[in-house]
Amino acid sequence: MLSKRIIPCLDVKDGRTVKGVNFVDLRDAGDPVELAGQYAQQGADELVFLDITATHERRKTMIEMVKSVARQLNIPFTIGGGITEIADAEALLNAGADKISINSAAVRNPKLIEELAKAFGVQFVVLAVDTKFIDGKNRVHLNGGRLITELETETWIKQAEDLGAGEILLTSMDHDGTKAGFDCGLLSKVNQMINIPIIASGGAGSMQHFTEVFQKANVDAALAASVFHYGEILIPDLKQELKRNNIPVRI
């Protein structure tokens, strides 16, 4: 049985790590390069860096930060934000990133998923999906959650898998930052529809929430931000707790 992965997420704005609630009210959480090093030492399996205003401000992700992170890390890391073409992804890969995450650009140009998968391999392409439950449907949101679309989340994820996405990073905006637990219902539903790994995101507030999302939704990885950034949950403690609950993890 494959080990379940624990992934700290660093939302980066203007070179600093930030964290909000339901995608707003951002506050500072430290230097991303320093935090990355700490998480690697603690036993994180991977890291995700999201330049949360890159798409909104039409900026490219920070190549220099990627180089700095790559110099310190011995675990895989994913970079997202402002990637709109092959050249953007290539620059990040050359700077040391292991995977790239695309979101808004993929919705606007679904063929980008196919192009990236062909150029670098499906394992390199993570599709990030920000979803919110509106009028009885799960709807995809773009530009850091600022822009609602007509796309239904489940339909879009299935299409993305067919186009060559290698992994889905699914964030419930309704749960994000609330510390009330992951959206296990939606995650379980999506997981039964597709054959690629799912990273659960949005809502982690306790170690029990991680246990629940692995047991109830059988996701491949669980991602969180503030509970790790502010020391509310330490990764070694979390992994011991998961192990006690018979969830396979790398210790």
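Presented here is an overview of the structure given in this document. As the structure is a computational prediction, the values presented were derived from the model and not from experiment.

For the rest of this paragraph, the subject is the environment of Pro 110. With respect to the helices and strands, the residue Pro 110 is situated in the loop between helix 4 (104–108) and helix 5 (111–120). Residues Pro 110 and Phe 124, 14 residues apart in the sequence, show an inter-C-alpha distance of 16 Å. Excluding residues that lie within four positions of it along the chain, Pro 110 makes contacts with Trp 156, Gln 159 and Leu 163.

We now examine helix 1 (residues 32–42). For helix 1, every residue scored as buried is listed here: Pro 32, Val 33, Leu 35, Ala 36, Gly 37, Tyr 39 and Ala 40. Here helix 1 starts with a cap whose side-chain oxygen sits 3.2 Å from the backbone nitrogen of Val 33, and that cap is Asp 31. Phi turns positive, to about 110°, at Gly 43, one or two residues after helix 1.

Here the focus is the packing of aromatic side chains. Counted by the stated rule, this structure contains five aromatic pairs. The interplanar angle of 80° and the centroid separation of 5.8 Å between the aromatic rings of Phe 49 and Phe 77 together place this pair among those described as edge-to-face. Of the two residues, Phe 49 sits in strand 4 (residues 47–51) while Phe 77 sits in strand 5 (residues 77–80), which places them 28 residues apart along the sequence. Phe 77 matches Phe 49 in its accessibility class, with the two residues each being buried. Taking the centre distance of 4.9 Å and the plane angle of 55° together, the rings of Phe 120 and Phe 124 count as tilted.

Let us look at the state of the cysteines. Counted under the stated rule, the structure contains zero disulfides. Of the cysteine sulfurs around Cys 9, a residue in no disulfide, the closest is that of Cys 184, at 18 Å. For Cys 184, a relative accessible area of 13% gives the class buried.

Here we take up empty space enclosed by the protein. Here the structure, examined in full by the defined rule, presents one cavity of 30 Å³ or more. Estimated volume of the largest cavity: approximately 30 Å³. For the lining of the largest cavity, the per-class residue count stands at four nonpolar, one polar and three charged.

With that out of the way, let us pick up the packing of helix 6 (residues 153–163) against helix 7 (residues 184–193). It is the contact of helix 6 with helix 7, at a shortest axis distance of 10 Å, that shows an interaxial angle of 35°. Classified by chirality, the crossing of helix 7 by helix 6 is right-handed. Taken together, the residues of helix 7 that come into contact with helix 6 (itself represented by Glu 154, Ile 157, Lys 158 and Glu 161) are Leu 186, Lys 189, Val 190 and Met 193. Residues belonging to the contact of helix 6 with helix 7 are distributed by class as follows: four nonpolar, no polar and four charged.

Basis of the calculations
- Residues numbered from 1 in each chain as written.
- Predicted model: local features only at pLDDT ≥ 70, side-chain atom pairs only at ≥ 80, totals over all residues.
- Heavy atoms only, no water.
- Helix = DSSP H or I, 4+ residues; strand = E, 2+ residues; numbered from the N terminus.
- Contact = heavy atoms within 4.5 Å.
- Buried < 20%, exposed > 50% of the residue type's maximum accessible area, 1.4 Å probe, protein only.
- Polar contact = N/O pair within 3.5 Å; in protein donor to acceptor, adjacent residues only side chain to side chain.
- Phe/Tyr/Trp six-rings, centres within 6.5 Å; stacked < 30°, edge-to-face > 60°.
- Disulfide = S-S within 2.5 Å.
- 1 Å grid on protein atoms, 1.4 Å probe; cavity = no way out; pocket = protein on both sides within 12 Å on 5 of 7 lines; lining within 4 Å.
- Points joined across faces, edges and corners; volume = space filled by probe spheres on them.
- Nonpolar A, V, L, I, M, F, W, Y, C, P; charged D, E, K, R; others polar.
- Axes fitted to C-alpha atoms, helices over the stretch in contact; angles between N-to-C directions.
- Left-handed = near helix turned anticlockwise from the far one by under 90°.

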